[in-house]
Amino acid sequence: MNDTFLKACRGEKTDYTPVWLMRQAGRYLPEYQKVRSKVDFLTLCKTPELAAEVTIQPVEILGVDVAILFSDILIPVEPMGMKLEFSESKGPVLHDPIRSAEAVARLREIRAEADVPFVADAIKLLVSRLKVPLIGFSGAPFTLATYMIEGGSSKNFINTKRMMYAEPELFASLMDKITAAVINYLQAQIDAGVNAIQIFDSWAGVLSPLDFDRFALPYVQKIIAQFKGKVPVIYFAFNGSAMLRRVVNSGADVVGIDWRIDMKEAISALDNKVAAQGNLDPCILFGTRELIKDRVEQILNGAKGAKGHVFNLGHGILPETPVDNAIAMVDAVHALSSRR
Ligand code: CP3
């Protein structure tokens, strides 16, 4: 197996900088669209053969150094007892959002192996087919809580913050339940064979640093402590570049960096304690080939002093992205990093 990605996560020397793209399996690929045209998104997530097929697509088409399981952060929320739907216009919808002590009490513990068997089944298929490592993932408790409390995506997160500030004990009991579910869900992925895990905290950036420390970070720390030393753990707090020193305290081996901070400044905030993943603005892939190459080089230079560097976008690739530009980015990372 090509273990360049795993070496970079562990802070070991590599022959070149490994690269992947968040949301690399998705709608920008005609090959994905073809599979997706026959089944809805949740069916795709729940059918191991199809999930494995679309997971492999970007590895073959782009030449990235690692695969990420095709699934969604909201998959474990269904067996907790919420009805999940993906609407073409609104994105994810969770019915009967969690706003009361009774609703929190009703949430069930999950046993991922029995509740979401398709996840382990897809991982086992992938491990037998891939020549690169496989990343498993989950949402972070705070990000999952926002979806469960708001009932979907949100702008100001008023219901979430109302519970945090007005009913902190209720919020804590919800977060404890989500944390237990995440630990069980990630353990099932590790047991099935994933080589690394990423925790997506897509909404951590709506919190002040004080509230991040109080309402989000302790739960992430508890999760990461469970897996420390077993597989590399990547923690990505999107929009969190003003809180990087706190993010480092999560205990993760690798910290995700979005594009709102200069890579060199980010590396200096990481203090040589963890490796970095990032940090190209996904919209750079709408620019010219020269621009893409230039920005790739800037990030590689900025990351020179890093404990380890996994090249990635600063958030998910957008559905409108030209595939050839994504390929050009991957090629540029490989070419420019291997002659250093
Ligand atoms: O990275 C990968 O290739 C693996 C697959 C993956 C998906 N979602 C597939 C997906 C991963 C890692 C996720 C994580 C996820 N899901 C996050 C965290 C990352 C981030 O973007 O911040 C979040 C917040 C979600 C919740 C979610 N799922 C939203 C808000 C949406 C709607 C927005 C959108 O992009 O459509 C989804 C749907 C979703 N998840 C799609 C894919 C490929 C699109 C579904 C389709 O094919 O129509």
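One can find the structure itself at the top, above this paragraph.
This write-up is about the structure you can find in this document. (Residues numbered from 1 in each chain as written. Predicted model: local features only at pLDDT ≥ 70, side-chain atom pairs only at ≥ 80, totals over all residues. Heavy atoms only, no water.)

## Concerning the overall build of the chain
Reasoning step 1: Counting secondary structure elements, the chain contains 15 helices and nine strands.
Reasoning step 2: For the chain, whose C-alpha radius of gyration is 19 Å, the value lies close to the compact-globule estimate of 20 Å for 340 residues.
Reasoning step 3: Projected onto its principal axes, the C-alpha coordinates of the chain cover approximately 60 × 45 × 35 Å.
Reasoning step 4: For the chain, buried positions account for 57% of its 340 residues.
Reasoning step 5: Nonlocal contacts in the chain, meaning residues at least 24 apart in sequence, comprise 73% of its contacts between residues at least 6 apart.
Reasoning step 6: In the chain, which carries 38 positive and 39 negative side-chain charges, the distance between the mean positions of the two groups comes to 2 Å. (Helix = DSSP H or I, 4+ residues; strand = E, 2+ residues; numbered from the N terminus. Rg over C-alpha atoms; globule rule 2.2 N^0.38 Å. Buried < 20%, exposed > 50% of the residue type's maximum accessible area, 1.4 Å probe, protein only. Contact = heavy atoms within 4.5 Å. Lys, Arg positive; Asp, Glu negative; His and termini not counted. Charge placed at Lys NZ, Arg CZ, Asp CG, Glu CD.)

## Examining the site of the ligand
Reasoning step 1: Taken together, 21 residues sit near the ligand, with R27, Y32, D72, S202 and H315 positioned nearest.
Reasoning step 2: Take Q24: an N or O atom from its main chain is 3.1 Å from an oxygen atom of the ligand.
Reasoning step 3: Between R27 and the ligand, the recorded distance is 2.7 Å, taken from a side-chain N or O atom to an oxygen atom.
Reasoning step 4: Alone, the ligand offers 870 Å² of accessible surface; in the complex the protein occludes 88% of this. (Near = heavy atom within 4 Å. Polar contact = N/O pair within 3.5 Å; in protein donor to acceptor, adjacent residues only side chain to side chain. Areas by Shrake-Rupley, 256 points an atom, 1.4 Å probe, with all protein chains shown as cover.)

## Quick notes on the layout of surface pockets
Reasoning step 1: Estimates place the volume of the largest pocket at around 1,300 Å³.
Reasoning step 2: Every residue lining the largest pocket is counted, 39 residues in all, and those nearest its centre are R23, R27, F41, D72 and F86.
Reasoning step 3: Of all elements in the fold, only α2 (30–36), α3 (41–46), β2 (84–87) and β3 (91–94) reach the threshold of two or more residues within the lining of the largest pocket.
Reasoning step 4: Its residues assigned to classes, the lining of the largest pocket shows 22 nonpolar, 10 polar and seven charged. (1 Å grid on protein atoms, 1.4 Å probe; cavity = no way out; pocket = protein on both sides within 12 Å on 5 of 7 lines; lining within 4 Å. Points joined across faces, edges and corners; volume = space filled by probe spheres on them. Nonpolar A, V, L, I, M, F, W, Y, C, P; charged D, E, K, R; others polar.)

## A look at helix α13 (residues 263–270)
Reasoning step 1: Along α13, the residues that are buried comprise M263, A266, I267, A269 and L270. Along the axis of α13, the buried positions cluster into a sector of 160 degrees, meaning they face one direction only. Across from the buried face of α13, at angles greater than 90 degrees, the exposed residues are K264 and E265.
Reasoning step 2: Those residues of α13 hidden inside the fold are in contact with α12 (244–248), β7 (254–256), β8 (275–280), α14 (289–302) and β9 (309–313).
Reasoning step 3: By the N-cap criterion, in which a side-chain oxygen at the helix start approaches the backbone nitrogen of a residue two or three places on, α13 is capped by D262, the distance to K264 being 3.1 Å. (Arc of directions from axis to C-beta.)

## Examining the side chain of E150
Reasoning step 1: Relative to the helices and strands, E150 is located in helix α8 (residues 141–150).
Reasoning step 2: Here E150 is buried and forms no salt bridge, its nearest opposite-charge partner R99 lying at an N-O distance of 4.9 Å.
Reasoning step 3: A distance of 3.0 Å separates a polar atom in the side chain of E150 from a polar atom in the side chain of N159.
Reasoning step 4: There is a polar contact of 2.7 Å between the side chain of E150 and the side chain of T160.
Reasoning step 5: If sequence neighbours within four positions are ignored, E150 has contacts with P97, R99, F157, I158, N159 and T160. (Salt bridge = Lys/Arg side-chain N within 4 Å of Asp/Glu carboxyl O.)

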